[in-house]
Amino acid sequence: MSATQRHRIEHPADFGRVAVVMGGSSTERSVSLDSGRNVLAALQARGVDAHAVDGIPALLDALRAGRFARVFNILHGQHGGGEDGVLQGALEAIGVPYTGSGVLGSALSMDKTRSKRVWQSLGLPTPAFMPLPRGADVQAAARTIGFPLIVKPACEGSSVGVSRVFDAAQLDQAVALAAQYPGDLLMETLIEGDELTVSILGRDVLPSIHIVPKAQFYDFNAKYVAEDTQYLCPGLEGEAEAALRALALQAFDALGCSGWGRVDVMRDRQGRNWLLEVNTAPGMTSHSLVPKAAAAAGIDYEELCWRVLETSFGAPVAGSSESPIPNPESRDSNGGAQ
């Protein structure tokens, strides 16, 4: 699925001086630094005047001093990461354009419980779930959801703090692990089947990826360390692939996301798709999924980074006619906010 219209930038100078913000203070700092180094090198190889900035406070200091025209956000996670809407709100307040989703899309996507409520209200498929505020009766929740189930922090990424629970004896340990991270927890039905992910770039939906980890679970190690995880792209064929991509775009739009991102899905043994979450600043490491999907669509890593940076000029809304590219020097154009 593809929309041909996007804001095309022909000359690297049109981006102005670009801050590639990475690192930060979230639990995903190390992944963000790895992503950021790769993005920075790719943009510089294409002639973009791009510079690394570590974390939100340093970025805001540099922006107030007028040192950058726009921001490539490759911070991951919340609480010092760039995916929870806080950075986006700050950038909008000072009128600096940036890549990716705006405040609403970022905040909703970061909170898996609220994401699922939105999808549920629209009739989009997501596993049965229960929010677990601190101190909640987890045994009662487990009886309602039924085994097997998943316990995880409601607002973390990269499979941080996630446990698969197959019986009551495993529940307390799973809750203790998830509770090490800030915020509430989430319990949901464990969908047994295939893990798939769909990347979105502007209004283009890239080929899906079927993730086949060596172990049973696609955990942090399988995502960023192991060399034996298999990635099959496209993950499906024919009508099944088209339906999965259409669902991913629906899920992305439902949360108010824009620019670029990645939608994670489970496909059960009966061939039904179940939405898990949206990542609004996905990883860009050597193990990451968006670059793999882009490569399958004929987009190399440098071109991918260029196109993501183009989203800082704003993206056409689905079904709209092409709008003119804003003046690159204007501080009123806010990429990803709409």
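What counts and what doesn't
- Residues numbered from 1 in each chain as written.
- Predicted model: local features only at pLDDT ≥ 70, side-chain atom pairs only at ≥ 80, totals over all residues.
- Heavy atoms only, no water.
- Helix = DSSP H or I, 4+ residues; strand = E, 2+ residues; numbered from the N terminus.
- Buried < 20%, exposed > 50% of the residue type's maximum accessible area, 1.4 Å probe, protein only.
- Contact = heavy atoms within 4.5 Å.
- Areas by Shrake-Rupley, 256 points an atom, 1.4 Å probe, with all protein chains shown as cover.
- Pairing = 2+ DSSP bridges.
- Axes fitted to C-alpha atoms, helices over the stretch in contact; angles between N-to-C directions.
- Salt bridge = Lys/Arg side-chain N within 4 Å of Asp/Glu carboxyl O.
- Expected span 1.5 Å × (residues − 1).
- pLDDT = per-residue confidence, 0-100.

**Some thoughts on the overall build of the chain**
Then, in step 1: Each helix and strand counted, the chain has 11 helices and 13 strands in total.
Then, in step 2: Looking at the chain as a whole, 55% of its 338 residues are labelled buried.
Then, in step 3: When contacts within the chain are restricted to residue pairs at least 6 apart in sequence, long-range pairs at least 24 apart make up 69% of them.
Then, in step 4: Total accessible area on the chain stands at roughly 13700 Å², and carbon and sulfur atoms take up 51% of it.

**Observations regarding helix α4 (residues 103-110)**
Then, in step 1: Taken residue by residue, α4 has Gly105, Ser106, Leu108, Ser109 and Met110 as its buried positions.
Then, in step 2: Packing partners of the buried residues in α4 comprise α3 (86-94), α5 (112-121) and β13 (273-279).

**Details of the pairing of β13**
Then, in step 1: Burial of β13 is extensive: six of the seven residues sit out of reach of the surface.
Then, in step 2: Inspection of the sheet shows strand β12 (residues 260-268) paired to β13 by six bridges, in the antiparallel sense. Within the sheet, the bridge partner assigned to Met266 lies in β13 and is Trp274.
Then, in step 3: Adjacent in sequence and paired antiparallel, β12 and β13 are bridged by four residues, among which Gly271 carries a positive phi angle near 85°.

**Topic: the sheet that holds strand β7 (residues 185-189)**
Then, in step 1: Pairing is antiparallel across the open sheet formed by four strands, whose spatial order is β4-β7-β5-β6. What marks the edges here is a single partner per strand, and that holds for β4 (129-132) and β6 (163-165). On average, each strand axis in the sheet is inclined to that of its neighbour by 20°, with strand direction left out of account.
Then, in step 2: Bridge analysis of strand β5 (residues 149-153) against β6 gives three bridges, and the strand direction is antiparallel. Opposite Leu149, over in β6, you have Val165 as the bridge partner.
Then, in step 3: α5 contacts β4, β5 and β7 of the sheet and is inclined by roughly 145° relative to β4.
Then, in step 4: The sheet contacts of helix α7 (residues 171-178) involve β5, β6 and β7, and relative to β5 the element is tilted by about 25°.

**Quick look at the pattern of salt bridges**
Then, in step 1: On inspection of all chains with the given rule, the structure shows 12 salt bridges.
Then, in step 2: The salt bridge partner of Arg46 is Glu303, with a shortest N-O separation of 2.9 Å. Note that Arg46 is positioned in the loop between α1 (29-45) and β2 (50-54) and Glu303 in helix α11 (residues 301-310), a separation of 257 residues in sequence.
Then, in step 3: With relative accessibility at 28%, the residue Arg46 sits in the partly exposed group.
Then, in step 4: For the salt bridge of Glu303 with Arg307, the shortest nitrogen-to-oxygen distance reads 2.9 Å.

**What to know about helix α9 (residues 238-254)**
Then, in step 1: The end-to-end C-alpha separation of α9 is 25 Å, in line with the 24 Å expected for 17 residues at 1.5 Å each.
Then, in step 2: Glu241, Leu244, Arg245, Leu247, Ala248, Leu249, Ala251 and Phe252 are the residues of α9 that are buried.
Then, in step 3: Buried residues belonging to α9 abut α5, β8 (193-201), β9 (204-205), β12 and β13.
Then, in step 4: Count one or two residues on from α9 and you reach Gly256, which has phi positive near 75°.

**Considerations on the confidence of the model for the chain**
Then, in step 1: Predicted confidence across the chain gives a mean pLDDT of 87, with 87% of residues reaching 70 or more.
Then, in step 2: Segment residues 315-338 is flagged for pLDDT under 50; beyond a separation of four residues in sequence, or across chains, it makes 53 contacts in the model.

**Describing unusual backbone geometry**
Then, in step 1: In this chain, Phe147 is followed by Pro148 through a cis amide linkage whose omega measures 0°.
Then, in step 2: By the element assignment, Pro148 lies in the loop between α6 (138-145) and β5.
Then, in step 3: Cys233 connects to Pro234 through a cis peptide bond whose omega is 0°.
Then, in step 4: Considering the arrangement of structural elements, one finds Pro234 in the loop between β11 (230-232) and α9.

**So, the pairing of strand β3 (residues 70-73)**
Look at any regular strand and the pattern is simple: side chains alternate between the two faces of the sheet.
Then, in step 1: Burial of β3 is two-sided: the residues Arg70 and Phe72 facing one way and the residues Val71 and Asn73 facing the other way are all buried.
Then, in step 2: Relative to β3, strand β1 (residues 18-22) is paired through four bridges, and the arrangement is parallel. Bridging from a neighbouring strand, Val20 pairs with Phe72 of β3.

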